[in-house]
Amino acid sequence: MKISLEEMAQKISVANSFIITVHVNPDGDALGSALGLKFILEGMGKEAKVVIDDKWDKNFSILSGIESVINLQENPEEKFKADYVILLDASIDRCGKVIENCPDMKVLNIDHHVSNDDKADFLYLDADAPATAEIIYRLAKVLKVEFNTEIAVNLYTGMATDTGFFRYSNTKPYTMIAAAEMMEAGAKPNKISEALEVKSYETIKGLAAAMQTIEISENGKVAGVYLPYEIVKDLDTTEGFIDQVRIIEGVDVAVLMKEKEPNLCRVSMRSKETNVSAIAQSLGGGGHIRAAGATIELPLDEAKKKLLEVINEALV
Ligand code: 5GP
Ligand code: MN
């Protein structure tokens, strides 16, 4: 059921303890929003634990409080008890088993994905917000919380990562005002971007191998790297790879396809014009108009063929 941000703030302010969770394969916005909210709640004298059913990239060690995050995969049977589960940056279907492991708890969901399925008990959705972290910033204002460095580092990271460091079309004047306030509260943009961008020598070699697979199709409007399992198994991360594809002149839709297991491919898409959220949703995934993803349970060649068919129909 959809509610306003003020109603969400009201529910939070009268409760005492929270489990905060986010989507699997957590990105900067998911982790930054979760940890930012944890410090906001703790500042209000409440208890909050972040639990994620996945591991996260070591580049996120810059985030204050990251060492306190519980990876449910390390102890899958662990059950949690609190007044509410707060699910950020995703719908219920993308958070693995965390909600199952929080028996009898109501779910408060805060999200900015246009594809949110509205299945949580209470949902505040703002599909125009560039990042969930920007919504958490607004929530903190409604809750009249003062920002400190811990909150600032996390919310800045969430806003920065989901806007491509304030370059994508989702960036609003308000986003920059919020980010400036996070800087005033102690976030250091240069330190944060250096920490997030650093890559191992092996990863850069992996990037070179990945770029060898690049293919242009649909008259130059689609460019993709399609990585077979033999390449994927040796990569630590593919974070940022798609950014090399999306900058090719004339390309509207950029694709990164990874065969994570034989017969299981993960797809990421970025676009300048075409609605890739609709494409992802037609494949059982979701996301935003200009950044979306899905999982296709087929071998690489077949998944690629299927994806290109759907993209071809959707191209504007
Ligand atoms: P990325 O390509 O960075 O993994 O994801 C781009 C955007 O699409 C992110 O906002 C992410 O949350 C969303 N997204 C990626 N994969 C999926 C998916 O399988 N399902 C849904 N619902 N959203 C996805
Ligand atoms: Mn996000």
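Residues numbered from 1 in each chain as written. Chains lettered and ligands numbered in written order. Predicted model: local features only at pLDDT ≥ 70, side-chain atom pairs only at ≥ 80, totals over all residues. Heavy atoms only, no water.

What follows concerns unusual backbone geometry. Even without being glycine, glutamate 218 reaches a positive phi, approximately 50 degrees. Within the fold, glutamate 218 resides in the loop between β7 (215–217) and β8 (222–227). The class for glutamate 218 is partly exposed, based on a relative accessible area of 23%. A positive phi angle, close to 55 degrees, is found at asparagine 219, a residue other than glycine. Its location among the elements puts asparagine 219 in the loop between β7 and β8. Since its relative accessible area comes to 83%, asparagine 219 is described here as exposed. (Helix = DSSP H or I, 4+ residues; strand = E, 2+ residues; numbered from the N terminus. Buried < 20%, exposed > 50% of the residue type's maximum accessible area, 1.4 Å probe, protein only.)

A few words on the domain arrangement of the protein chain. Segmentation of the protein chain into domains returns domain 1 (5–196) and domain 2 (201–314). Taking only C-alpha atoms into account, the centre of domain 1 sits 26 Å from that of domain 2. With seven residues of domain 1 at the contact, the number on the domain 2 side is nine residues. Of the roughly 700 Å² buried at the junction of domain 1 and domain 2 (both faces included), carbon and sulfur atoms supply 43%. Looking only at domain 1, the three residues that lose the most surface to domain 2 are Val114, Ser115 and Tyr168, adding up to 48% of its buried area. (Domains from an automatic or database assignment. Contact = heavy atoms within 4.5 Å. Buried area = accessible area lost by both parts, 1.4 Å probe.)

Across six bridges, strand β10 (residues 264–271) lies against strand β12 (residues 291–296) in antiparallel orientation. From the neighbouring strand, valine 267 faces β12, where its bridge partner is alanine 294. Relative to β12, strand β11 (residues 286–287) runs antiparallel, the two being bridged by two bridges. Paired with glycine 286 across the bridge in β12 is glycine 293. (Pairing = 2+ DSSP bridges.)

Another point: the coordination of the manganese ion (ligand 2). Around the manganese ion (ligand 2), the donor atoms from the protein are Asp29 (OD), Asp89 (OD), His112 (NE2) and Asp162 (OD), and they sit 2.1 to 2.3 Å away. For the manganese ion (ligand 2), the donor residues sit on a single chain with the sequence spacing D-x59-D-x22-H-x49-D. Pair noted here: aspartate 89 is in the loop between β4 (84–88) and β5 (106–111) and histidine 112 is in the loop between β5 and β6 (122–125), with a separation of 23 residues, a long-range link. Accessibility expressed as a relative area gives 1% for aspartate 89, which makes it buried. The buried category is assigned to histidine 112, whose relative accessible area is 1%. (Donors = N, O, S within 2.8 Å, 3.2 Å for Na, K, Ca; no water.)

What follows deals with the site of ligand 1. Near ligand 1 there are 13 residues, and of these Arg94, His113, Arg266, Ser268 and Arg270 occur at the shortest range. One of the side-chain nitrogen or oxygen atoms of arginine 266 is found 2.9 Å away from a nitrogen atom of ligand 1. Arginine 270 is positioned with one of its side-chain polar atoms (N or O) 2.8 Å from an oxygen atom of ligand 1. Here ligand 1, which alone exposes 490 Å², has 83% of that area covered by the protein. For the shell around ligand 1, the secondary-structure elements that each account for two or more residues are β10, β11 and β12. Tallied by class, residues from the shell around ligand 1 come to three nonpolar, seven polar and three charged. (Near = heavy atom within 4 Å. Polar contact = N/O pair within 3.5 Å; in protein donor to acceptor, adjacent residues only side chain to side chain. Areas by Shrake-Rupley, 256 points an atom, 1.4 Å probe, with all protein chains shown as cover. Nonpolar A, V, L, I, M, F, W, Y, C, P; charged D, E, K, R; others polar.)

With parallel pairing, the six strands of this open sheet are ordered in space as β3-β2-β1-β4-β5-β6. Here the strands that pair on one side only, and so sit at the sheet edges, are β3 (70–71) and β6. Pairing geometry for strand β1 (residues 17–22) and strand β2 (residues 47–52), over four bridges, is parallel. By the bridge assignment for β2, isoleucine 20 is matched with valine 50. Across the sheet, helix α3 (residues 132–142) lies against β4, β5 and β6, angled at about 110 degrees from β5, the strand it touches most. (Axes fitted to C-alpha atoms, helices over the stretch in contact; angles between N-to-C directions.)

This brings us to the nonpolar core. Residues Ile12, Leu88, Leu139, Leu155 and Met182 are the most contacted members of the largest nonpolar core, which totals 57 residues. Ranked by the residues each element gives to this core, the list is headed by helix α2 (residues 28–43), at eight residues. Apart from residues lying up to four places away in sequence, methionine 182 is in contact with Tyr137, Phe147, Ala152, Leu155, Tyr156, Met159 and Ala187. Judged by nonpolar contacts, the second largest core, of 22 residues, contains Tyr226, Leu283, Ala294 and Val310. (Core = buried A, V, L, I, M, F, W, Y, C linked by side-chain atoms within 4.5 Å.)

Further remarks concern the side chain of threonine 132. You can see threonine 132 is positioned in helix α3. By relative accessible area, which is 0% here, threonine 132 ends up buried. Apart from the residues within four sequence positions on either side, threonine 132 is in contact with Asp29, Ser33, Leu88, Asp89, Ile110, Asp111 and His112.

Moving on, we come to the packing of aromatic side chains. What the rule picks out here adds up to four aromatic pairs. Pairing phenylalanine 18 with tyrosine 84 gives two aromatic rings, centres 6.4 Å apart and planes at 15 degrees, and the pair type is stacked. Linking phenylalanine 18 in strand β1 with tyrosine 84 in strand β4, this pair joins segments that are 66 residues apart in sequence. Neither phenylalanine 18 nor tyrosine 84 differs from the other in exposure class; each is buried. Between tyrosine 137 and tyrosine 174 the ring centres are 5.9 Å apart and the planes differ by 70 degrees, which places this aromatic pair in the edge-to-face class. Taken together, the positions of tyrosine 137 in helix α3 and tyrosine 174 in helix α5 (residues 173–184) put the pair 37 residues apart, joining distant regions of the chain. Residue tyrosine 137 is classed as buried on the basis of its relative accessible area of 2%. (Phe/Tyr/Trp six-rings, centres within 6.5 Å; stacked < 30°, edge-to-face > 60°.)

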